[in-house]
Amino acid sequence: VFQGPDEVDHFAYTQSLVERGEKPISDLGSAQPRWSSAENLALEGTSFLTDHQVGDTRVPWLSAQVREYDAQVRRLHPSRSDGGGYTTSAAHGPPYYLALAPAYAATARASIFSQLTLMRILSALIGALVVLFTYLLARELAPRRPWLAALAALLVAYEPMYGFVSGIVNNDVGVNATAAALVLLLIRLLRRGI
């Protein structure tokens, strides 16, 4: 969990929108905590702060750690609304994060890990829109060659880095979907007129 680029901050952005009703603070000198107590506890429970992106470490989420984490959550009742300080994602606009808000809210009574999982699934579905828009764009450009549209869509769908980024909580997924939709609409406008 949280091993994607800046996924901790992208998760915190959505959490701040849902829990506090506002995006994270853009001021680097803000005293507001970066992550909520609940997210911070989850990061500590998974040893995130000690093994993040270190290639030779083992997965830290052992059954003993699960029990310890669950016990801490029951004992501390960590807040999900006390974060929202400056994060790497604070400079971004809220549309992508608002799109993930229903997934976060749907799992409001579940663990941070369940929320992250559902948010990742929704993010992957947004990523699938790029594949669809690529298919439609190729159909628009070469209507008599449907195989070309299928090939273009498959190239996008099976590009490893695109699949990786689409499977995590990262606003690049929203940017990619918006750009693909815009390109499709512009090409259709040029070919068919207003």
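Above: the structure in question.
For every chain, the first residue of its written sequence is number 1, and the numbers climb from 1 along that sequence. The predicted origin of the model limits local features to residues at a pLDDT of at least 70 and limits the giving and counting of side-chain atom pairs to 80 or more, whereas totals for whole chains, interfaces and linings rest on all residues. The basis for every side-chain value is the complete set of heavy atoms in the structure, and neither hydrogens nor water enter the calculation.

Colleague: I would appreciate a short explanation of the overall build of the protein chain in the present structure.
Modeller: Counting its secondary structure elements, the protein chain contains nine helices and zero strands. For the protein chain, the succession of helices and strands along the chain, N to C, is α-α-α-α-α-α-α-α-α. Along the longest, intermediate and shortest principal axes, the C-alpha atoms of the protein chain span 65 × 35 × 30 Å. Buried residues in the protein chain amount to 36% of all 194 residues. Contacts are residue-level and defined by heavy atoms, with any inter-residue pair within 4.5 Å sufficient. Taking as baseline every contact in the protein chain between residues at least 6 positions apart, the subset at least 24 positions apart corresponds to 76%. Surface accessibility follows the Shrake-Rupley procedure with a 1.4 Å probe radius. Residue values consider only the protein chains on display as shielding. A total accessible area of about 10900 Å² is found for the protein chain, and carbon and sulfur atoms account for 62% of it. Neither His nor the chain termini are counted; the positive set is Lys and Arg, and the negative set is Asp and Glu. Think of each charge as sitting on NZ of Lys, CZ of Arg, CG of Asp or CD of Glu. Looking at the protein chain, you have 16 positive and 16 negative side-chain charges, and the mean spots of the two groups are 13 Å apart. In DSSP terms, a helix is any run of H or I states spanning at least four residues, a strand is any run of E spanning at least two, and both are numbered starting from the N terminus. Classification of residues uses two cut-offs on accessible area relative to the type maximum, computed with a 1.4 Å probe and protein chains only: under 20% is buried, over 50% is exposed, and between them is partly exposed.

Colleague: How do you make sense of the packing of aromatic side chains when you look at a structure like this?
Modeller: Each pair of aromatic rings is reported with the distance of its centres and the angle of its planes. By convention, a stacked pair of Phe, Tyr or Trp rings (six-membered ring in the case of Trp) has centres within 6.5 Å and planes under 30 degrees apart, an edge-to-face pair has planes over 60 apart, and any other such pair is tilted. The tally for this structure, following the rule as stated, stands at five aromatic pairs. Between phenylalanine 2 and phenylalanine 11, the aromatic rings sit 5.6 Å apart at their centres with planes inclined by 80 degrees, giving edge-to-face as the arrangement. Here the two residues phenylalanine 2 and phenylalanine 11 agree in accessibility, since each one is buried. Note on tyrosine 69 and phenylalanine 113: the rings are 5.2 Å apart at their centroids and 70 degrees apart in plane angle, and the pair reads as edge-to-face. With tyrosine 69 in helix 4 (residues 63-76) and phenylalanine 113 in helix 6 (residues 112-141), this residue pair connects regions lying 44 residues apart in the sequence. Judged by relative accessible area, which is 6%, tyrosine 69 ranks as buried. Look at phenylalanine 113 and you get buried, because its relative accessible area is 13%. A connected cluster of aromatic rings, assembled from ring pairs, spans Phe2, Phe11 and Tyr104.

Colleague: What should I look at first to understand the environment of serine 123 in this one?
Modeller: Here serine 123 lies in helix 6. Since its relative accessible area comes to 0%, serine 123 is described here as buried. Beyond its immediate chain neighbours, meaning those up to four positions away, serine 123 contacts Tyr96, Leu100, Ser166, Ile168, Val169 and Val173. For the purposes of these results, a polar contact is taken to be a pair of N or O atoms within 3.5 Å, where, inside protein, one atom must be able to donate a hydrogen and its partner to accept one; residues adjacent in sequence count only when each atom of the pair is a side-chain atom. In this structure the side chain of serine 123 is engaged in a polar contact, spanning 2.7 Å, whose partner is the side chain of tyrosine 96.

Colleague: Can you walk me through unusual backbone geometry in this structure?
Modeller: Peptide bonds are mostly trans, and most non-glycine residues show a negative phi. Although it is not a glycine, phenylalanine 2 sits at a positive phi angle of roughly 60 degrees. Overall, phenylalanine 2 belongs to the buried group, its relative accessible area being 0%. For histidine 77, which is not glycine, the phi torsion reads 45 degrees and is therefore positive. Along the chain, histidine 77 falls in the loop between helix 4 and helix 5 (95-106). Given a relative accessible area of 62%, histidine 77 falls into the exposed group.

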